[in-house]
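So you can see what is in the structure, the chains are spelled out below.
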Amino acid sequence: MDSRPLIVIVGPTASGKTNLAIKLAKKFNGEIISADSRAIYKGMNIGTAKPTPNEQKKIKHWGIDLVEPDERFTVADFQKYANAKIEEIRARGKIPFLVGGSGLYIDSVIFDYEFNNDANPDLRVRLNKMTIEELQKYCKNNNILLPENHKNKRYLIRAIERENVVKNNRQKIRTDTHVVGITIDQDELKERIKIRTEQMFCDELYDEVKNLTTKYSFDLESMKSNIYPIIHRMLNGEISCDEAMILVQTDDWHLVKKQMTWFRRNPEIKWLELVHAENYLSEIITTGKTTRSST
């Protein structure tokens, strides 16, 4: 049971990870665990580009719709959840696929991060003694997403305490794990983002935003997801639809850069184009091949 590999597929937003995972999971009797820090929220479907209901019907997905947008859900919570699902999927005789663009979520599972789930006054004292540059370096070393105001010491400390990483164990990947990153031409990726953005802009998205804004504040981390404040401004007449589309595409491209900065620090990732990734992973699953050289 435990010998069934954990297949991990990472890469930038809109690179084709989800479709590849669905195709492989269907072919090799697998189930997918989403590693997307936005997909965990209920009621945020179109704006977070979750797998569609039709895609979820094809293959069982986990890691989606776990909490309300105003509920706290940490990386440690995700790690615990994902590890439990990996065991459950293997116990059913299936192959677990961990798929997503949230680098910290991925690393917490494959490198067995250790977290401190309790308030840590000693850590607070130590962090307060650090300079802004030292706090930024701490975030980088522990793969913690820098806050929007990353030059504000209070914001940096809050981001670190929210994750509570004790040890990142990045030197040793868990056994029977194969990590593939999807590489894609920049122009092609920008075109994919453009097309996806155009498809997102619809009455269903507008209704989604209206519903969310009646319940939740934009002060919440979940509501700061790139598209929701932008659509809210558009619906209020502050910006045009064309301007909103450009802003969404720009934010997505910034997200791509952040994602790739994370993933490039992981030497265990084998970077491949989509078609080659499919062949490579199919060979691993079929033959039990264990080579994980990076490219």
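Everything numeric in this text was worked out from a predicted model, so none of it was measured. (Residues numbered from 1 in each chain as written. Predicted model: local features only at pLDDT ≥ 70, side-chain atom pairs only at ≥ 80, totals over all residues. Heavy atoms only, no water.)

1. What about the environment of Ser 108?
And step 1. Here Ser 108 shows up in helix α4 (residues 103-110).
And step 2. Taking the relative accessible area as the measure of exposure, Ser 108 reaches 0% and is therefore buried.
And step 3. In this structure, the C-alpha to C-alpha distance between Ser 108 and Ser 34, residues 74 residues apart in sequence, is 14 Å.
And step 4. What Ser 108 contacts, discounting residues up to four positions off in sequence, is Val 75, Phe 78, Gln 79, Tyr 113 and Phe 115. (Helix = DSSP H or I, 4+ residues; strand = E, 2+ residues; numbered from the N terminus. Buried < 20%, exposed > 50% of the residue type's maximum accessible area, 1.4 Å probe, protein only. Contact = heavy atoms within 4.5 Å.)

2. Quick word on the pairing of strand β1 (residues 6-10)
And step 1. Most of β1 is tucked away: five of the five residues are buried.
And step 2. Taking every second residue as pointing to the same face, both faces of β1 are buried, with Leu 6, Val 8 and Val 10 on one and Ile 7 and Ile 9 on the other.
And step 3. Bridge count for β1 against strand β4 (residues 95-100) is four bridges, and the pairing is parallel. Bridging across to β4, Val 10 finds its partner in Gly 100. (Pairing = 2+ DSSP bridges.)

3. Thoughts on the pairing of β4
And step 1. With six of its six residues buried, β4 lies for the most part within the structure.
And step 2. Pairing of strand β2 (residues 30-34) with β4 involves five bridges; the strand directions are parallel. Bridge pairing links Ile 32 to Phe 97 in β4.

4. Quick word on the pattern of salt bridges
And step 1. Tallying each qualifying case throughout the model produces 10 salt bridges.
And step 2. A salt bridge links Asp 252 to Arg 196; its shortest N-O distance comes to 3.4 Å. Taken together, the positions of Asp 252 in helix α11 (residues 241-263) and Arg 196 in helix α8 (residues 186-200) put the pair 56 residues apart, joining distant regions of the chain.
And step 3. Through salt bridges with shared partners, one network takes in Glu 31, Arg 92 and Lys 94. (Salt bridge = Lys/Arg side-chain N within 4 Å of Asp/Glu carboxyl O.)

5. Remarks on unusual backbone geometry
And step 1. The backbone phi angle of Asp 65 is positive, close to 60°, even though this residue is not glycine.
And step 2. Within the secondary structure, Asp 65 is located in the loop between β3 (61-62) and α3 (75-91).
And step 3. Non-glycine residue Asp 112 carries a positive phi angle of around 55°.
And step 4. By secondary structure assignment, the location of Asp 112 is in the loop between α4 and β5 (114-115).

6. Here we look at the packing of aromatic side chains
And step 1. Scanning all chains against the criterion turns up two aromatic pairs.
And step 2. With a centroid separation of 4.2 Å and 15° between ring planes, the pair formed by Phe 78 and Tyr 105 is classed as stacked. Of the two residues, Phe 78 sits in helix α3 while Tyr 105 sits in helix α4, which places them 27 residues apart along the sequence. For the residue pair Phe 78 and Tyr 105, the accessibility class agrees, reading buried in each case.
And step 3. Here Phe 201 and Tyr 206 contribute two aromatic rings whose centre-to-centre distance is 6.5 Å and whose plane-to-plane angle is 85°, an arrangement assigned as edge-to-face.
And step 4. Exposure remark for Phe 201: the relative accessible area of 10% places this residue in the buried category.
And step 5. Lying across the ring of Trp 62, Lys 85 places its NZ or CZ 4.0 Å from the centre.
And step 6. Over the ring of Trp 253 we find Lys 190, and its NZ or CZ is 4.8 Å from the ring centre. (Phe/Tyr/Trp six-rings, centres within 6.5 Å; stacked < 30°, edge-to-face > 60°. Lys NZ or Arg CZ within 6 Å of the ring centre and 35° of its normal.)

All quantities given are derived from atomic positions and should not be read as evidence of function.
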